[in-house]
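Summary of structural features
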Amino acid sequence: NIDACIFDLDGVICDTAKYHYLAWKRLSNELGFDFSIEDNERLKGVSRMDSLNILLEIGEKSLDEETKLELAAKKNSWYVEYISVMKQDEILPGVKDFILNLKENNIKIALGSASKNSMRILKALDIVDLFDCIVDGNRITKAKPSPEVFLKGAEELEVSPEKCVVFEDAAAGVEGAKNANMFAIGVGDASILKKADKIISGFENLTLEILKF
Ligand code: B16
Ligand code: MG
């Protein structure tokens, strides 16, 4: 029996990846190189500074720490600008109904996201109240695939990890869930999310049957 479900944000509840991509691309162009949508896959679920390091590796740039912090702040200010106009219709199809269904069945709900902008996004989408517990990038010290973000969620919900299911769109996130000893349901492509226990393409028409392992 499953006691709790932990949801990743970007790529599971909403598609903020496109805004991250626009902001990173703008930064790479400013630095004199291009950044493709394929390269963007590598940034999913990865922290802001780790993302910048991957971007700089692609552009073959090496910069000092201070400059890197400035660039990360610049990217974030653009990103915040893009997400500031997000509306409720940017919640991915079916996910809100699925969460409401879980709640009706006494399954607890947590957010487990690497993003330091999680609160801002949940507010824009008007879904803060859906969550019994919110663990975001401001509350963790180790990025996915570390299990930290998910274990913190389970601890706060007072449920044991073996009774948690994590919904994740990123390979690093699926790995983090498995490292936490939880079930992992990959949202997206099975060839990318190899370690997931199950794969779904989205939440439309999804029933609680999916929680049977
Ligand atoms: P921020 P998730 C992650 O969110 C994104 O997938 C990843 O691309 C981003 O770099 C990371 O958050 C940090 O975001 O710069 O807003 O702190 O998928 O863990 O919900
Ligand atoms: Mg994600």
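Residues numbered from 1 in each chain as written. Chains lettered and ligands numbered in written order. Predicted model: local features only at pLDDT ≥ 70, side-chain atom pairs only at ≥ 80, totals over all residues.

**Side note on the overall build of the chain**
A count of helices and strands for the chain gives eight helices and six strands. Overall, the chain shows an N-to-C arrangement of helices and strands of β-α-α-α-α-α-β-α-β-α-β-α-β-β. Computed over the C-alpha atoms, the radius of gyration of the chain is 17 Å, within 12% of the 17 Å expected from 2.2 N^0.38 for a compact globule of 213 residues. Taken along its principal axes, the extent of the C-alpha atoms in the chain is 50 × 35 × 30 Å. For the chain, the proportion of its 213 residues judged to be buried stands at 42%. Across the chain, contacts joining residues at least 24 apart in sequence account for 60% of those joining residues at least 6 apart. (Helix = DSSP H or I, 4+ residues; strand = E, 2+ residues; numbered from the N terminus. Rg over C-alpha atoms; globule rule 2.2 N^0.38 Å. Buried ≥ 20, exposed ≤ 12 C-beta atoms within 10 Å, placed from the backbone. Contact = placed C-beta atoms within 7 Å.)

**Some words on the nonpolar core**
By size, the foremost hydrophobic cluster in this structure holds 60 residues, and its most contacted members are Phe150, Val166 and Met182. Not counting residues within four places of it along the chain, the set of residues in contact with Val166 comprises Ile6, Gly112, Phe150, Ala177, Met182 and Ala184. (Core = buried A, V, L, I, M, F, W, Y, C linked by C-beta atoms within 7 Å.)

**With respect to unusual backbone geometry**
Comment: phi is negative for the bulk of residues other than glycine, and the bulk of peptide bonds are trans. At the junction of Lys144 and Pro145, the peptide bond is cis and its omega measures out at 15° in the coordinates. Within the secondary structure, Pro145 is located in the loop between strand E3 (133-135) and helix H7 (148-157). The phi torsion at Glu60 lies on the positive side, around 55°, for a residue other than glycine. For Glu60, the position within the fold is in the loop between helix H3 (48-58) and helix H4 (65-83). With a phi angle near 60°, Glu158 is a residue other than glycine that sits in the positive phi range. Mapped onto the elements, Glu158 comes out in the loop between H7 and strand E4 (164-168).

**Quick word on the sheet that holds strand E2 (residues 108-112)**
If you walk across this open sheet you meet the six strands as E3-E2-E1-E4-E5-E6, and the pairing is parallel. Both outer strands of the open sheet, E3 and strand E6 (198-200), are each paired with one neighbouring strand and no more. The average undirected angle you get between the axes of adjacent strands in this sheet is 25°. Relative to E2, strand E1 (residues 4-7) runs parallel, the two being bridged by four bridges. (Pairing = 2+ DSSP bridges. Axes fitted to C-alpha atoms, helices over the stretch in contact; angles between N-to-C directions.)

**Here's the deal with the site of ligand 1**
Neighbouring ligand 1 are 20 residues; Leu9, Asp10, Ser113, Ala114 and Lys116 lie closest to it. Residues of the shell around ligand 1, tallied by class, amount to five nonpolar, ten polar and five charged. (Near = placed C-beta within 6 Å. Nonpolar A, V, L, I, M, F, W, Y, C, P; charged D, E, K, R; others polar.)

**Details of H7**
Working note: α-helix, 3.6 residues per turn, so residues spaced by three or four point in the same direction. Turning to H7, its buried residues number three or more, namely Val149, Phe150, Leu151, Gly153, Ala154 and Leu157. Looking at the buried side of H7, the elements it contacts are E1, E2, E3, E4 and helix H8 (171-179). In the segment just after H7, Glu158 is the residue with positive phi, at about 60°.

**Notes on the environment of Glu162**
By the element assignment, Glu162 lies in the loop between H7 and E4. Overall, Glu162 belongs to the exposed group, with 12 C-beta atoms counted inside 10 Å. Considered as a pair, Glu162 and Ser146 are 16 residues apart in the sequence and their alpha carbons are 16 Å apart.

**Things to note about the packing of H3 against H4**
Axis angle and axis distance: for two packed helices, these are the angle between their axes and the distance between the axes, and together they describe the pair. Interaxial distance between H3 and H4 falls to 10 Å at its minimum, and their mutual angle equals 105°. It follows that H3 is roughly perpendicular to H4 by the angle criterion. In this structure, H3 contributes Arg48, Met49 and Leu52 to the contact, and H4 contributes Lys68, Leu71, Ala72 and Asn76. In terms of residue class, the contact of H3 with H4 is made up of four nonpolar, one polar and two charged. (Parallel < 35°, antiparallel > 145°, perpendicular 65-115°, else oblique.)

**What to know about the UniProt feature "active site" (unreviewed entry) in the chain**
UniProt records the feature "active site" (unreviewed entry) for Asp8 and Asp10 in the present numbering. Tracing the sequence through the fold places Asp8 in the loop between E1 and helix H1 (17-30). Note on Asp8: 27 C-beta atoms within 10 Å, which makes it buried. Topologically, Asp10 is positioned in the loop between E1 and H1. Excluding residues that lie within four positions of it along the chain, Asp10 makes contacts with Thr16, Ala17, Ser113 and Ser115. (UniProt positions renumbered as here; feature names shortened; annotations may be inferred.)

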